[in-house]
Amino acid sequence: MRYVIVGGGVAGTTAAEALRKRDAKSEITLVSEEHHPLYSRVLLPHYLKGKVPRERVFLKKEAWYGQQQIEWLTGIACEHLDPRNQFVGLTDGRELPYDRLLVATGGEVRTVDADLRGVSYLRTLDDADHLAQILCEQPADARAVIFGGGFIACEYLNLFSHFRLPTTLFHRGAHFWTRSLGEEAGALIAKHLTERGVELHTRTQFVNLLGESELTGVVTSQGEHAAHLLGVGIGTSPDFSWLKAAGVDVGAGVRTNAFLETNIPHVYAAGDIAEFFDEIVGRHIQAGNWMNAMSQGRAAAHIMSGEREPFHLVSSYATNALGLEIIFVGDTLKDAADEVRVLGSVHALGVTQIFVRQGRVVGGVLIGRNQDRAAITKAIQEQKTASEFEIC
Amino acid sequence: MKLHIKVDPDLCIGAASCVTIAPETFQLNEENKAYVLDHGTEPTPRTYERVIDVTEEEKENLILAAQSCPTLAIFIFDEAGVQLFPDL
């Protein structure tokens, strides 16, 4: 059997490892666009704050790939898929035949249409190294601006606060995570941030950057903001072109069934790029978090090597924004829910939203209410009806 | 065999991967940090580290749980104090 895995992140690398564990003989090739061995993107903020040294972000050593007899191609992407003859074309001109292909390429970070020294993104280790460098270069009166209203914006808030940089944050929506949060939860985050000195601008568009070669400011629809540093966290948009050209069904992500199989025989998807049919919540979802990526990588390996077990996981992600704990569990898209119940309030300094669809609990967002996590996770796992489910 | 399981609460971000893989050993506290249980019980007060007696199969699963942690906040030592995970 010849396995080709495209994407060297946690989903792809976990898949390679799990395949090798079950099968000592098959050929396994892992195609990675990055040059680094597997590292934890979740640890990048810890590294930037000096909480862990840079070498601690790595989860595999370079020698590991050889020891596992995994052919590891770095600095290479996939640009062509021939599903009939079962091979992929790589950017270095090689063609790799496969018996089973796993697509685990994650997402490409969305960028603003301008670049100057001082503009940063926070997805890869190279991004973090670049940001570490520009953080060192800042004058004593440096000011920071953040563009975004999601998880990466939270990381920037904590990072800039750590370096005691006065910070302005703007985003296009009325509040953070507009696809998931309602007004009460959004207001709680806004209140928490503004009380801690963040200058917050909502419903604000990015217009342009100011500066010659180095950033001096950011122009938004609200006006000009002085800035030496800009942190951009406005989501990801994967490159689907080579997959679409091959006839792979693509929606918000690469669509799969509950076995992580795409519509093309022998082609599977896992991790951030997969929009898989989640049997627990009863619809296709895309879960851009670590727990999901790692678990799907392992599940895809098991399925590709012949096990017929659907992927089941209630995944979650937790972060905090200047000390306010924020947790997402399960399916948290407002538009896909029939009802969103709200517990708590801004006044009580805690808001939990419970997402209900077809009478069942399918997701939860907890802001400053960690205590609800276990009950909500269990209710989703056990497919409890909303009427059976009581927390207060 | 006995294993010494330790969570570094400064590194833990409450991603809960360990709770998903080994709920008998890890749960989250009110601060959203993983604490360590002994087969679902807490014979001593709540703690971030504990020595527990495990089978070979349980040990494999605990290493898997530690590996799944995105911040490598879980440390596993054997009886002699040798660090089994993360690899040094």
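Residues numbered from 1 in each chain as written. Chains lettered and ligands numbered in written order. Predicted model: local features only at pLDDT ≥ 70, side-chain atom pairs only at ≥ 80, totals over all residues. Heavy atoms only, no water.

Asker: Account for the overall build of chain B, with residues named and values stated.
Answerer: For chain B, the helix and strand inventory stands at two helices and six strands. Put simply, chain B runs from its N terminus to its C terminus through helices and strands in the order β-α-β-β-β-α-β-β. Whereas a compact globule of 88 residues would reach a radius of gyration of roughly 12 Å, chain B reaches 12 Å, a difference of no more than 12%. When the backbone C-alpha atoms are referred to their principal axes, chain B occupies close to 30 × 30 × 20 Å. For chain B, buried positions account for 48% of its 88 residues. Within chain B, contacts between residues at least 6 apart in sequence are counted, and of these 48% link residues at least 24 apart. Summing over all exposed atoms, chain B offers an accessible surface of approximately 4100 Å²; the carbon and sulfur share of this is 52%. (Helix = DSSP H or I, 4+ residues; strand = E, 2+ residues; numbered from the N terminus. Rg over C-alpha atoms; globule rule 2.2 N^0.38 Å. Buried < 20%, exposed > 50% of the residue type's maximum accessible area, 1.4 Å probe, protein only. Contact = heavy atoms within 4.5 Å. Areas by Shrake-Rupley, 256 points an atom, 1.4 Å probe, with all protein chains shown as cover.)

Asker: Residue-level account of the overall build of chain A, with values.
Answerer: Broken down by element type, chain A carries nine helices and 24 strands. Here chain A has a C-alpha radius of gyration of 22 Å; the compact-globule value for 392 residues is 21 Å, and the two agree. A principal-axis box enclosing the C-alpha atoms of chain A has dimensions of 60 × 60 × 35 Å. Burial status across chain A gives 57% buried among its 392 residues.

Asker: Pulling in residues and values, what's your account of the pattern of salt bridges?
Answerer: All names here are of chain A. Under the defined criterion, the tally for this structure stands at 23 salt bridges over all chains. A salt bridge links Arg 94 to Glu 71; its shortest N-O distance comes to 3.2 Å. Within this pair, whereas Arg 94 is found in the loop between strand 5 (87–90) and strand 6 (95–97), its partner Glu 71 is found in strand 3 (residues 70–74), the two being separated by 23 residues in sequence. For Glu 71, a relative accessible area of 31% corresponds to the partly exposed category. Here Glu 199 makes a salt bridge to Arg 143, at a shortest N to O gap of 3.9 Å. Here Glu 199 is found in strand 11 (residues 199–201), whereas its partner Arg 143 is found in the loop between helix 4 (125–136) and strand 9 (144–147), with 56 residues between them in sequence. A relative accessible area of 37% places Glu 199 in the partly exposed class. Several salt bridges converge on common partners, so that one network encompasses Arg 2, Glu 27, Glu 71 and Arg 94. (Salt bridge = Lys/Arg side-chain N within 4 Å of Asp/Glu carboxyl O.)

Asker: So what about unusual backbone geometry? Which residues, and what values?
Answerer: Note the cis peptide between Phe 85 of chain B and Pro 86 of chain B, where omega equals -10 degrees. In this structure, Arg 164 of chain A takes a positive phi of about 55 degrees despite not being glycine. Inspection of the secondary structure puts Arg 164 of chain A in the loop between helix 5 (151–162) and strand 10 (167–170). Its relative accessible area of 76% is what places Arg 164 of chain A among the exposed residues. In this structure, Arg 203 of chain A is a non-glycine residue whose phi angle is positive, near 45 degrees. One can find Arg 203 of chain A in the loop between strand 11 and strand 12 (206–210).

Asker: How would you summarise the packing of helix 1 (residues 10–22) of chain A against helix 8 (residues 290–304) of chain A if you had to cite specific residues and measurements?
Answerer: Residues and elements named next belong to chain A. Interaxial distance between helix 1 and helix 8 falls to 7 Å at its minimum, and their mutual angle equals 35 degrees. When the axes of helix 1 and helix 8 are compared, the crossing they make is right-handed. In this structure, helix 1 contributes Val 10, Ala 11, Thr 14, Ala 15, Ala 18, Leu 19 and Arg 22 to the contact, and helix 8 contributes Trp 290, Ala 293, Met 294, Gly 297, Arg 298, Ala 301, His 302 and Met 304. Of the residues in the contact of helix 1 with helix 8, the class split is 10 nonpolar, three polar and two charged. (Axes fitted to C-alpha atoms, helices over the stretch in contact; angles between N-to-C directions. Left-handed = near helix turned anticlockwise from the far one by under 90°. Nonpolar A, V, L, I, M, F, W, Y, C, P; charged D, E, K, R; others polar.)

Asker: An account of the domain arrangement of chain A is requested, with residue identities and associated values reported.
Answerer: Residue and element names in this part refer to chain A. Looking at the assigned domains, one finds that chain A contains domain 1 (2–108 + 236–304), domain 2 (119–232) and domain 3 (316–381). Taken over C-alpha atoms, the centre of domain 1 sits 30 Å from the centre of domain 2. The contact between domain 1 and domain 2 buries some 1300 Å² in all, and 61% of this surface belongs to carbon and sulfur atoms. Scanning the region where domain 1 abuts domain 2 turns up two salt bridges. Our count for the contact surface shared by domain 1 and domain 2 stands at eight residue pairs in polar contact (both at pLDDT 80 or more). Taken together, the residues that form the side of domain 1 that touches domain 2 break down as seven nonpolar, four polar and five charged. (Domains from an automatic or database assignment. Buried area = accessible area lost by both parts, 1.4 Å probe. Polar contact = N/O pair within 3.5 Å; in protein donor to acceptor, adjacent residues only side chain to side chain.)

Asker: I'd like a rundown of helix 2 (residues 56–68) of chain B, residues and numbers included.
Answerer: The end-to-end C-alpha separation of helix 2 of chain B is 18 Å, in line with the 18 Å expected for 13 residues at 1.5 Å each. The set of residues buried in helix 2 of chain B consists of Lys 59, Leu 62, Ile 63, Ala 65, Ala 66 and Ser 68 of chain B. (Expected span 1.5 Å × (residues − 1).)

Asker: How would you explain the interface of chain A and chain B if you had to name every residue and give the values?
Answerer: With 24 residues of chain A at the contact, the number on the chain B side is 23 residues. Roughly 1700 Å² of surface becomes buried between chain A and chain B when both sides are summed, with 56% attributable to carbon and sulfur atoms. Viewed at the interface, chain B and chain A are joined by zero salt bridges. Our enumeration of links across chain A and chain B arrives at eight residue pairs in polar contact (both at pLDDT 80 or more). Looking at the side of chain A that touches chain B, the elements with two or more residues in it are helix 8, strand 20 (316–321) and strand 21 (324–330) of chain A. Within the side of chain A that touches chain B, the residues separate by chemical class into 12 nonpolar, four polar and eight charged.

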